[in-house]
Amino acid sequence: MILGSISMFIYGMKMTSVSIQKAAGLQLRSVLRKMTDNRFMGVFSGFAITALIQSSSATTVMTVSFVNAGLLTLIESAGIMLGANIGTTVTAWFVSIFGFKFVLLQYAIPLFVIGGPMALSNRRNISYWGEFLIGVSILFLGLSFLQSSVPSINESNALFEFLQSFTEYGIFSRLFFVLAGAVITLVVQSSSASIAITLTMCYQGWIPFEIAACLILGENIGTTATAEIAALVTNTEAKRSARVHTFFN
């Protein structure tokens, strides 16, 4: 159930990201080019685009490709990378504020009802926005199923005790969970999904705040892998742009 819920959450997030890039792709590219002359505006544009498309990986990969094509300089890309890392926190805030206080299942089906006919439209822009609404619906479903599939502590004492045994070694426990967070993000290829898992476990009482914080730190390190992989076949400046993202995190 947990694996299926995570898969649905990631798929919904991917669908929203891809569809909104299709719907507003040219505008996103022009915004990046125009707003990076000023470093502060570069940070803001990185934040705004990542908050909009719900994927820091998409923003950073796009930025690396722009640097590789000579459309952005290394300095200009640095601001976008910093902004993207701020923008990606919007998803975590959304999960923490709405995910545990509202019954997301009630909103998922109406969004699907609206998005379904739009996605079948012959007009491309309407079709893309329909796909976006369907993606949000699937994301809501995945998050709702994730919350219900994580068992309460009373139901799984043995598993909880096993997890708690890793928290008793001071700084080594902290480092272990930082590493665990990085590995989880590398596996699921989405820091937003791994952060959603962490928040759910913290909400259910499986892990204390300190361990959750360590996992979050690790997940922010793990998310840099996508940009690094994208930079493998690029020029030196693009590789350096990806390193900015990695070193900051």
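Position numbers for residues start from 1 in each chain and track the written sequence from start to end. Under the rules for a predicted model, residues below a pLDDT of 70 receive no local features and side-chain atom pairs below 80 are neither given nor counted, while totals for whole chains, interfaces and linings still include all residues. Hydrogens are left out, water is left out, and the side-chain values use all remaining heavy atoms of the structure.

Draft legend 1. Representation of the overall build of the protein chain in the model. Within the protein chain, the secondary structure is distributed over 13 helices and zero strands. Strands here mean DSSP runs of E at least two residues long; helices mean DSSP runs of H or I at least four residues long; both are numbered from the N terminus. Ordering the α and β elements of the protein chain from the N terminus gives α-α-α-α-α-α-α-α-α-α-α-α-α. For every residue, the accessible area (1.4 Å probe, protein chains only) is compared with the maximum for its type, and the residue is labelled buried under 20%, exposed over 50%, or partly exposed between those bounds. In the protein chain, which comprises 249 residues, the proportion classed as buried is 47%. Across the protein chain, contacts joining residues at least 24 apart in sequence account for 74% of those joining residues at least 6 apart. In the form shown here, the protein chain has an accessible surface area of approximately 12800 Å², with 69% of it arising from carbon and sulfur atoms. Contacts between residues were defined by any pair of non-hydrogen atoms, one from each residue, lying within 4.5 Å. Working definition of accessibility: Shrake-Rupley area with a 1.4 Å probe, residue cover restricted to the visible protein chains.

Draft legend 2. Region of the structure containing the side chain of Thr 223. Positionally, Thr 223 belongs in the loop between helix 11 (209-222) and helix 12 (225-230). The exposure class of Thr 223 is buried, given its relative accessible area of 5%. Discounting chain neighbours no more than four positions away, the residues touching Thr 223 are Ser 56, Ser 57, Thr 185, Ser 191, His 245 and Asn 249.

Draft legend 3. A look at the nonpolar core. Throughout, nonpolar core names a set of buried Ala, Val, Leu, Ile, Met, Phe, Trp, Tyr and Cys residues whose side chains join them through atoms within 4.5 Å. Counting residues in each nonpolar core, the largest one holds 31 residues, and the members touching the most others are Phe 9, Phe 140, Ala 196 and Ile 207. Broken down by secondary-structure element, the contributors of at least two residues to this core are helix 1 (2-35), helix 2 (39-53), helix 6 (105-119), helix 7 (124-149), helix 9 (171-188), helix 10 (191-203) and helix 11. The greatest single-element share of this core, amounting to eight residues, is contributed by helix 7. Core analysis: the next-biggest nonpolar cluster, separate from the first, contains 11 residues, Val 64, Val 67, Ile 80 and Met 81 among them.

Draft legend 4. Region of interest: helix 6. In this model helix 6 runs 21 Å from its N-terminal to its C-terminal C-alpha over 15 residues, within 8% of the 21 Å that 1.5 Å per residue would give. Buried residues of helix 6: Ala 108, Leu 111, Gly 115 and Gly 116, and no others. Here, expected helix span is obtained from the residue count minus one, scaled by 1.5 Å.

Draft legend 5. Here's a closer look at the environment of Phe 177. Tracing the sequence through the fold places Phe 177 in helix 9. For Phe 177 and Leu 217, which are 40 residues apart along the polypeptide, the C-alpha to C-alpha distance reads 8.9 Å.

Draft legend 6. View of the packing of aromatic side chains. Working definition: a ring pair exists when centres of Phe, Tyr or Trp rings (six-membered ring for Trp) sit within 6.5 Å. Plane angles under 30 degrees give stacked, over 60 give edge-to-face, the rest tilted. Tallied over the entire structure, the rule returns four aromatic pairs. Aromatic side chains Phe 44 and Phe 47 sit 6.5 Å apart centroid to centroid with 40° between the ring planes, which places their arrangement in the tilted category. Placement of both Phe 44 and Phe 47 in helix 2 is noted, with a separation of three residues, approximately one turn of the helix. Under the relative-accessibility criterion, Phe 44 is labelled partly exposed at 45%. A ring pair is formed by Phe 176 and Phe 177, whose centres lie 5.2 Å apart and whose planes are at 80°; its orientation type is edge-to-face. On the basis of relative accessible area, Phe 177 is assigned to the buried category, the value being 5%.

Draft legend 7. Molecular detail of a nonpolar patch on the surface. Note that patches include only residues with greater than 30% relative accessible area and no salt bridge, and the join distances are 9 Å for like charges and 5 Å for nonpolar side chains (Val, Leu, Ile, Met, Phe, Trp, Tyr). For this document, the term salt bridge refers to a Lys or Arg side-chain nitrogen within 4 Å of an Asp or Glu carboxyl oxygen. Residues Tyr 169, Ile 171, Phe 172 and Leu 175 make up a contiguous nonpolar surface patch of roughly 500 Å² in combined accessible area. In this structure, Leu 175 sits in helix 9.

Draft legend 8. Seen up close, the packing of helix 10 against helix 11. Close contact between helix 10 and helix 11 brings their axes to 10 Å; oriented N to C, the two are set at 175°. If you check the angle between helix 10 and helix 11, you find them roughly antiparallel. Touching Ser 191, Ser 194, Ile 195, Thr 198 and Cys 202 of helix 10 are Phe 209, Ala 212, Leu 215, Ile 216 and Glu 219, all from helix 11. Side-chain classes follow a simple rule in which Ala, Val, Leu, Ile, Met, Phe, Trp, Tyr, Cys and Pro form the nonpolar group, Asp, Glu, Lys and Arg form the charged group, and the remainder, Gly included, forms the polar group. Tallied by class, the residues present in the contact of helix 10 with helix 11 amount to six nonpolar, three polar and one charged. Every axis corresponds to a line fitted to the C-alpha atoms, with the helix fit spanning only the stretch in contact, and the corresponding angles, defined between N-to-C directions, vary from 0 to 180 degrees. Convention used here: angles under 35 degrees read as roughly parallel, angles over 145 as roughly antiparallel, angles from 65 to 115 as roughly perpendicular, and any remaining angle as oblique.

Draft legend 9. View of the pattern of salt bridges. Tallying each qualifying case throughout the model produces two salt bridges. Across the pair Glu 228 and Arg 243 runs a salt bridge, and its minimum N-O distance is 2.6 Å. Within this pair, whereas Glu 228 is found in helix 12, its partner Arg 243 is found in helix 13 (residues 236-248), the two being separated by 15 residues in sequence.

Draft legend 10. A look at helix 10. In this model helix 10 runs 18 Å from its N-terminal to its C-terminal C-alpha over 13 residues, within 8% of the 18 Å that 1.5 Å per residue would give. A large share of helix 10 lies buried, amounting to 10 of its 13 residues. Looking one or two places after helix 10, you find Gly 205, whose phi comes out positive at around 85°.

Draft legend 11. Here's a closer look at the environment of Phe 248. With respect to the helices and strands, Phe 248 occurs in helix 13. When the C-alpha atoms of Phe 248 and Asn 85 are compared, they prove to be 9.0 Å apart, with 163 residues separating the residues in sequence. Among all residues touching Phe 248, those that are not within four sequence positions of it are Leu 82 and Asn 85.

Purely spatial values, then, with no claim about function.
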